[in-house]
Amino acid sequence: MSENSVAHFYDELADDYHLIYADWDTGIRRQGDALHALMGRDGASVLDCSCGIGTQAIGLALHGHDVTGTDLSPRAAARAAREAAHRKVTLCTAVADMRRLPFAAARFDAVVCADNSLPHLLTEQDVHAALAEMRRVLRPAGLLLLSTRPYDDLLCNRPTSTPPQVHQPADGGERTVSFQLWQWHEDGEHYDLEHFQLLPADGQWRVRVRRTAYWALGRDRLAGLVADAGFVDPEWRMPHETGFFQPLLMAVAGK
């Protein structure tokens, strides 16, 4: 999966990304609350290196953190900035590849890479490059917060689809439906994803399909890659512990 194809996937999804949530504003608040509780401090300088349309970045900014958001998708990063301004919080955004972050060393107190973003990198070389960049821009003892799908469980049964997610606008507008189909590769670790959205149109359904790929990285393997990149004390925290919707790997930048 090339850099351009991942950016294209999220450029196409940017305007409709909020529709994968039953209530996106509630998701912003809940995820921001959970990540803030893990920061261990107020007013941290935070880089969200896969900010998308701003779900985690805005949630943290609402708690008073100094957040910078980067994303491979220009349309997603631009929307994140607009959504933050609409909620009257400051969020600086830029277009950047997490393997080549445009910041000086030791710039941030924390780096967030959430919502299964890292597994878009399909090789160990690319994952290491991204983690090394996250380590580089962190201050000594800075915090890494990285979340993925629960791949240890998913690798056991390799599902081929996800349940439908229905978005019902608060104003009583028409519903939309999102779901995914997965096609696993022969190696049993990588999979192609087709993201379907059913959008109402004149009493019928209009279908939009976007395609991308992922590498299903198990917890032990990803923790090992994090340690190889210069982090110490990697620890997985589960949703029932954190209130975050995905498993979270926490680690500290080594000196």
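Our structure's up above, just so we're on the same page.
So, here's what we can say about the structure. (Residues numbered from 1 in each chain as written. Predicted model: local features only at pLDDT ≥ 70, side-chain atom pairs only at ≥ 80, totals over all residues. Heavy atoms only, no water.)

## Considerations on the sheet that holds strand S11 (residues 248-253)
And step 1. Taken in spatial order, the seven strands make up an open sheet running S3-S2-S1-S4-S5-S11-S10, and their pairing is mixed. Pairing within the sheet leaves two strands with one partner each, and these edge strands are strand S3 (92-95) and strand S10 (231-237). Geometrically, the sheet is characterised by an average inter-axis angle of 20 degrees between neighbouring strands, direction not taken into account.
And step 2. Packing against the sheet, helix H4 (residues 74-86) makes contact with strand S2 (66-71) and S3, and its axis sits at approximately 175 degrees to S3.
And step 3. Lying on the sheet, helix H7 (residues 219-228) is in contact with strand S5 (138-147), S10 and S11; it crosses S10 at an angle near 155 degrees. (Pairing = 2+ DSSP bridges. Helix = DSSP H or I, 4+ residues; strand = E, 2+ residues; numbered from the N terminus. Axes fitted to C-alpha atoms, helices over the stretch in contact; angles between N-to-C directions. Contact = heavy atoms within 4.5 Å.)

## Remarks on the nonpolar core
Soluble globular proteins: nonpolar side chains tend toward being buried together.
And step 1. Grouped together as the largest cluster of nonpolar side chains are 43 residues, with contacts concentrated most on Val 46, Val 112, Leu 145 and Tyr 191.
And step 2. Excluding residues that lie within four positions of it along the chain, Tyr 191 makes contacts with Asn 116, Arg 149, Tyr 151, Trp 182, Gln 183, Trp 184, His 185, Thr 212, Ala 213, Tyr 214 and Ala 216.
And step 3. Listed in part, the 33 residues of the second largest apolar core include Ala 130, Val 137, Val 226 and Ala 253. (Core = buried A, V, L, I, M, F, W, Y, C linked by side-chain atoms within 4.5 Å. Buried < 20%, exposed > 50% of the residue type's maximum accessible area, 1.4 Å probe, protein only.)

## Things to note about the side chain of Thr 70
And step 1. With respect to the helices and strands, Thr 70 occurs in strand S2.
And step 2. On the basis of relative accessible area, Thr 70 is assigned to the buried category, the value being 0%.
And step 3. Not counting the four nearest positions on each side in its chain, Thr 70 is found in contact with Leu 47, Asp 48, Cys 49, Ser 50, Cys 51, Ala 94, Ala 96, Leu 101 and Phe 103.

## A look at the sheet that holds strand S6 (residues 165-167)
And step 1. Strand order in the open sheet formed by four strands is S6-S7-S8-S9, with antiparallel pairing between adjacent strands. Each edge of the sheet is formed by a strand with only one pairing partner; in this case those strands are S6 and strand S9 (204-215). Taken pair by pair, the neighbouring strands of this sheet meet at an average axis angle of 20 degrees, ignoring direction.
And step 2. Sheet topology note: the strand S8 (residues 190-201)/S9 ladder contains twelve bridges and is antiparallel. In the strand pairing of S9, Leu 198 is matched with Val 207.

## Thoughts on the environment of Glu 83
And step 1. Secondary-structure assignment places Glu 83 in helix H4.
And step 2. You can call Glu 83 buried: its relative accessible area is 14%.
And step 3. Along the backbone, Glu 83 and Thr 55 are 28 residues apart, and their C-alpha atoms lie at a distance of 9.4 Å.
And step 4. Among the polar contacts listed, one links the side chain of Glu 83 to the side chain of Arg 87, at a separation of 2.6 Å. (Polar contact = N/O pair within 3.5 Å; in protein donor to acceptor, adjacent residues only side chain to side chain.)

## Overview of the layout of surface pockets
And step 1. Here the second largest pocket is characterised by a volume of approximately 170 Å³.
And step 2. What lines the second largest pocket is His 18, Ala 22, Asp 23, Trp 24, Asp 25, Arg 79, Glu 83, Arg 87, His 167, Gln 168, Pro 169 and Ala 170.
And step 3. Residue assignment for the lining of the second largest pocket shows that the elements contributing at least two residues are helix H2 (24-39) and H4.
And step 4. Looking at the lining of the second largest pocket residue by residue, the class counts come to four nonpolar, three polar and five charged. (1 Å grid on protein atoms, 1.4 Å probe; cavity = no way out; pocket = protein on both sides within 12 Å on 5 of 7 lines; lining within 4 Å. Points joined across faces, edges and corners; volume = space filled by probe spheres on them. Nonpolar A, V, L, I, M, F, W, Y, C, P; charged D, E, K, R; others polar.)

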